Structures are given as structure tokens and as C-alpha cells.
Amino acid sequence: MTSSPPRVSRTVYPRKVPSIAFAIGGLTSFIIFASLLLFSHPLGSSLTDYLYGAETTQQHMEFHHSTSDTSDPIPSPKEVLPISLDPNDNETKATQDSVETECDLFHGNWFYDPVGPLYTNNSCPLLTQMQNCQGNGRPDQGYENWRWKPSQCDLPRFDAKKFLELMRGKTLAFIGDSVARNQMESMMCLLWQVETPVNRGNRKMQRWYFRSSSVMIARMWSSWLVHQFNEPFSFAPHGVTKLKLDQPDERIMEALPKFDVVVLSSGHWFAKQSVYILNDEIVGGQLWWPDKSKPAKVSNVEAFGISVETILKAVAKNYKGLTILRTWSPDHYEGGAWNTGGSCTGKEEPLSPGKLVKNGFTEVMYEQQAGGFQRAVADDKLGNRTKKMKLMDITEAFGYRHDGHPGPYRSPDPKKITKRGPDGQPPPQDCLHWCMPGPVDTWNEMVLEIIRRDMEGGGK
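Rules used throughout
Residues numbered from 1 in each chain as written. Predicted model: local features only at pLDDT ≥ 70, side-chain atom pairs only at ≥ 80, totals over all residues. Heavy atoms only, no water. Disulfide = S-S within 2.5 Å. Helix = DSSP H or I, 4+ residues; strand = E, 2+ residues; numbered from the N terminus. Buried < 20%, exposed > 50% of the residue type's maximum accessible area, 1.4 Å probe, protein only. Phe/Tyr/Trp six-rings, centres within 6.5 Å; stacked < 30°, edge-to-face > 60°. Lys NZ or Arg CZ within 6 Å of the ring centre and 35° of its normal. Pairing = 2+ DSSP bridges. Axes fitted to C-alpha atoms, helices over the stretch in contact; angles between N-to-C directions. Contact = heavy atoms within 4.5 Å. Parallel < 35°, antiparallel > 145°, perpendicular 65-115°, else oblique. Expected span 1.5 Å × (residues − 1). Salt bridge = Lys/Arg side-chain N within 4 Å of Asp/Glu carboxyl O. Core = buried A, V, L, I, M, F, W, Y, C linked by side-chain atoms within 4.5 Å.

**Q** Looking at this structure, I do not really get the state of the cysteines. What am I missing?
**A** Should the sulfur atoms of two cysteines be covalently bonded, the bond is a disulfide. For the structure shown, the criterion picks out 4 disulfides. Each sulfur of the disulfide joining C103 and C153 lies 2.0 Å from the other. For the disulfide bridge between C103 and C153, the dihedral angle about the S-S bond is near -85°, and by the sign convention the bridge is left-handed. Note that C103 is positioned in the loop between α4 (90–100) and β1 (108–112) and C153 in the loop between β2 (146–150) and α5 (160–166), a separation of 50 residues in sequence. Side by side, C103 and C153 carry an identical accessibility label, which is buried. Sulfur-sulfur distance for the disulfide between C344 and C431 comes to 2.2 Å. Taking the torsion about the S-S bond as the criterion, the C344 to C431 disulfide, at about -95°, is left-handed. With C344 in the loop between β12 (322–326) and α9 (360–377) and C431 in the loop between α11 (415–418) and α12 (440–456), the pair connects residues that are 87 residues apart, well separated along the chain. When sorted by exposure, C344 lands in the same class as C431, which is buried.

This is the structure in C-alpha cells:
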């Protein structure tokens, strides 16, 4: 298009009649056009929208992200203030909540990281032999290099110095069964790379102290997280483990005041023989139920959900620190159970996205655990005390990691890899615990991020 000579240069000279007539005609056209515009878009609403941002948020976002148009007069979102700045205003609260929403750490994908793990099986003296897959002869090593990437953000690589600084003067405790021990040892291996701790443990509790920051890492064994005993009860004889599903493990409750952060986990022991007691009545049992003619009221799966609700409510009532509930850790036995020839041999990388094989028992145990958590945090009697409870939802993500278990490499004895028993079955494999280094280290990356959010604020 050909541009006309600049009008500005003419404004300093007297105008002739034709020019004056042309100007009057132009002014008339402008007035008519403006009237039509005001008729279709009243001035009050348009001006309010422009100044205060009502119904223009989406437009602002679009222009803010656009790189092709820089001439639009609409101001950036930072220049447009909401109509009310009162913190009690519902609209303002909704805006603040959307900004402060935490990124979901638990849905994403595994990606291969050639950098590799932060420690090796030779650089961590605390590594249990059963989890020392490389030391036990596992020939592949790629399973150590896969890292978790949430869909909406990044999960930072574990930073031991950052962890010790955040936890300065505080104690983190892992409470649960042998999988909790697996996670605690992973945490210790990660921290050991920057400082050698002092062992201050005893028979009741493992404790490791980091002098530079006065941080303590502790571990308590609690198979079920609720009260257990072996004495006779009603028609259940001595020697069979009894669980009072509505009473928390008293050892946990006694130790809680010593802790600032606790990571709770359980579930796998509900497959073992036990008797379930609720309201001082035997309501069920696992691998034990003498009267087959009388159905049990509570299954082992339901008992798990009740136990989770019990411990969390008790913790909320008596503890002001941060509580993290790690969800069910999936196993990957194929072709049988742990004691009937089940195997995870030959799995060298994660399952591809969308190729997750459903495990019915894992699904129902996860549902019961998540349900127990939700019932606890929704309890009106606990009020705001449940705000310090976080669900670390690892179950689905780790369903893809069938490559991360020791399998047959749970012992340094090379004969155990191939030797079979008289019945032709191979020796039991470990497709429940996790190799170290390996996928389990991701759990502690998540723990660090949850602690950081709690102490520093922000979820991105």
C-alpha cells in the first residue's frame, strides 16, 4: 500500500476551503461511527473491563504469550489489577489459589538420563546386601539411569546439601516395614555422598546423625502401624498375631514428639497371618479363620484401609509436624507369587507409556490406602490439623518399573541365580524391594520436594 505524505507537516499552514470542507466531512463520519460503537458497546462496561480486567483475563493471557503481534494496546496481566484486593474476597481468593496450586508430582513419564545415579553400590556403606544388585552380579545397569519427569513441572535431582539445610536441627523418620527400610537406606546413601553420619541408633530405632546440620535420620519398624500382640484373645489362641485395627501402634505415638517429618508406609504384611480386632471383637483374619461356616466381617484388604485411617487420625491429633504417607509399592512377580516361582528376571527398562499391566491386588490395596487417607483428612473433628498430611502417590508411576527389583540377584551366591529345587522351581526372587541405586531414589527426590514446599512454600 502507498502511504500519503505526512499530514503533520501541513498543520502549520492556513487551510483552503476545500480542505476545511474535507475536514468537516471527516469529523461528521467519525461522530456517526462513534455513536454506532457506543450503541453496541456501552461505554461504562467497556471502560470497566479495560481498567479492571473483568472478562479480559483470557485475552491478556493470549497476548502475553503471543510473539507475532506487538501493536495491541491491551496492557499486560501485571498492569491490570482485580477490582477488589480484599483477601476475604472470593474472586481474589480464587485467583490466589490458582497461582499457588502445587504442581502434581505423581503423573508423568520416565526418561533415560545418561548422567546416571548420585551414588554407586560401592560408595554407600549402609547398602543392604539384598538390594546390592550390582554387587550380587546383575549384568545390566541401565535401570539405574531412568528418572521421573512430572507432566507439569520438573522434579529436581536430589540435592543432599539442600536437604540438610532445609532440615537443619530436625529429624526425619521412616516408619513401616522392610520397604520403608529400603527407602531409608536410599536416603542415607544419597546423604552419605556429602557427609559421613554418626550412628546413634539402638535396638528400638535406627538413628543417623549429621553433625554439620544437626539432622537426624531415623527408622522405626512397624509392620502394620496399629497395635499388635500375641497373647490369647477371645477364640484366637496364643502365637497368632492380633491387630487392634482401631488402635495405633503405641511405639509410634511415643516417639512422635522426637520427629519433625515422618514418612509412613505399610500394607505388605496384611498378606501374612493375622487376626483382626475392631471394637474389641474379632472381625476377620488372614490365613486364619477357624469357623469356616461363619463369614468374616473384614477382609485383609479392608483391614489395611482401616489401619491407615486409624494411624493418620491418631497422628493428626497428637503431632504438629509434616506427615507423608507413601502409597502402596507395587511388586512385579510374573508366573507365580514370591514362593511359587514368581519372577521378574530379564526386565531391563521401564514399561512403555500405556503398557502398564493391571494388578488387581495392587489396585485394591491402593484404593483402600487412599480411601483411609481421604477419610482421615476429611474428618471434621481434626480441623486444620490434617493440613500437614501429604499423600505421596507413587503407585501408578512405579507400576512401570518392573526392571527395578533385585529379582534373582538378591544374594552374592552365583548358584542361586540358576539353581532349582527338587520340585524344579527356581529359588524365590525379590520382585518387591528395589535395587540400589535405582528407582527407589526417586521416592526421596519426592520427599525432598514435599519438604521444600512445606518449609519454603510454592509448588512449582
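**Q** What's the story with the packing of aromatic side chains in this structure? I'm lost.
**A** The geometry of an aromatic ring pair is captured by two quantities: the separation of the ring centres and the angle between the planes. Inspection of the entire model under this criterion finds 18 aromatic pairs. Ring centres 5.7 Å apart and planes at 80° place the aromatic pair W221 and W269 in the edge-to-face group. Residue W221 is found in strand β6 (residues 215–221), and its partner W269 is found in the loop between β9 (261–264) and β10 (274–278); the two are separated by 48 residues along the sequence. For the ring pair F235 and W289, a centre distance of 6.3 Å and an interplane angle of 75° mean the geometry is edge-to-face. Of this pair, F235 sits in the loop between β7 (226–229) and β8 (242–248) while W289 sits in the loop between β11 (281–286) and α8 (300–318), and the two are 54 residues apart along the sequence. Look at W289 and you get buried, because its relative accessible area is 14%. Members of the aromatic cluster, connected to one another through ring pairs, are W110, W148, F398, W434 and W443. The ring of Y143 carries the charged tip of R138 above its face, separated from the ring centre by 3.8 Å. The residue whose ring lies beneath R200 is Y209, and the NZ or CZ to ring-centre distance is 3.9 Å.

**Q** Would you take a moment to explain the sheet that holds β11 for this structure?
**A** Strand pairing in a sheet relies on backbone hydrogen bonds. The paired strands run either parallel or antiparallel. Spatially, 4 strands are ordered β7-β8-β10-β11 in an open sheet, and the strand pairing comes out mixed. Pairing within the sheet leaves two strands with one partner each, and these edge strands are β7 and β11. For this sheet, the mean angle separating the axes of adjacent strands, direction not counted, is 30°. Note that β10 and β11 share 5 bridges and pair antiparallel. Bridged to L278 within β11 is E281. Across the sheet, α8 touches β7, β8, β10 and β11, and the angle it forms with β8 is around 35°.

**Q** Looking at this model, I keep getting lost on the environment of E348. Mind explaining?
**A** Tracing the chain through its elements places E348 in the loop between β12 and α9. Taking the C-alpha atoms as reference, E348 lies 6.9 Å from D140; in sequence the two are 208 residues apart. When sequence neighbours within four positions are dropped, the list of residues in contact with E348 reads R138, D140, Y143 and D403.

**Q** Which parts of the structure should I look at to understand the sheet that holds β6?
**A** With mixed pairing, 7 strands are arranged side by side in an open sheet as β4-β5-β6-β3-β9-β12-β13. With one partner strand each, in any of the chains shown, β4 (198–199) and β13 (389–392) form the two edges of the open sheet. Note: β12 against β13, 4 bridges, orientation parallel. Note on β13: the bridge partner recorded for T323 is M389. Along the sheet, α8 contacts β9, β12 and β13; its crossing angle with β12, the most-contacted strand, is approximately 170°. Contacting β3 (171–176), β9, β12 and β13, α12 crosses the sheet at an angle of about 150° to β12.

**Q** Would you explain the packing of helix α6 (residues 178–192) against α12 in this entry?
**A** The packing of two helices is summarised by the inter-axis angle and the distance between the axes. Close contact between α6 and α12 brings their axes to 9 Å; oriented N to C, the two are set at 75°. Considering their axes alone, α6 and α12 lie roughly perpendicular with respect to each other. Across from V179, N182, Q183, S186, M187 and L190 in α6, the residues of α12 making contact are V440, D441, W443, N444 and V447.

**Q** Got a minute to help me understand α12 in this structure?
**A** Helical geometry note: an α-helix holds 3.6 residues per turn, so side chains three or four residues apart project in the same direction. In this model, α12 (17 residues) spans 25 Å end to end at C-alpha, consistent with the 24 Å of a helix rising 1.5 Å per residue. Most of α12 sits inside the fold, with 14 of its 17 residues counted as buried. Once α12 finishes, G457 follows within two positions and takes phi at roughly 85°, a positive value.

**Q** It is not clear to me how the pattern of salt bridges should be interpreted in this structure. Could you clarify?
**A** In the structure shown here, the tally under the stated rule is 21 salt bridges. With a closest N to O distance of 2.8 Å, E309 and K313 form a salt bridge. One end of the pair is E309 and the other is K313, both in helix α8 and 4 residues apart, which spans about a single turn. By relative accessible area, which is 17% here, E309 ends up buried.

**Q** How do you make sense of the pairing of β10 when you look at a structure like this?
**A** With respect to burial, β10 is a largely interior element, 4 of its 5 residues being buried. Here β8 pairs with β10 via 3 bridges, running parallel. Residue pairing for β10: L243 is matched across the bridge by Y276. Linking β10 back to β11 in an antiparallel pair, the connection comprises 2 residues, with N279 at a positive phi of about 55°.

**Q** I would appreciate a short explanation of the nonpolar core in the present structure.
**A** Most often, soluble globular proteins have nonpolar side chains that are buried together. If you look at the biggest cluster of nonpolar residues, it comprises 51 residues, and the most contacted ones within it are F163, L172, M187, L191, I217 and M392. The element that contributes the greatest number of residues to this core is α6, accounting for 8 residues. Setting aside anything within four residues of it in sequence, one finds I217 in contact with F163, L172, F174, M184, M187, M188, L191, Q206, R207, W208 and F210. Core analysis: the next-biggest nonpolar cluster, separate from the first, contains 39 residues, A173, I311, M365 and F373 among them.

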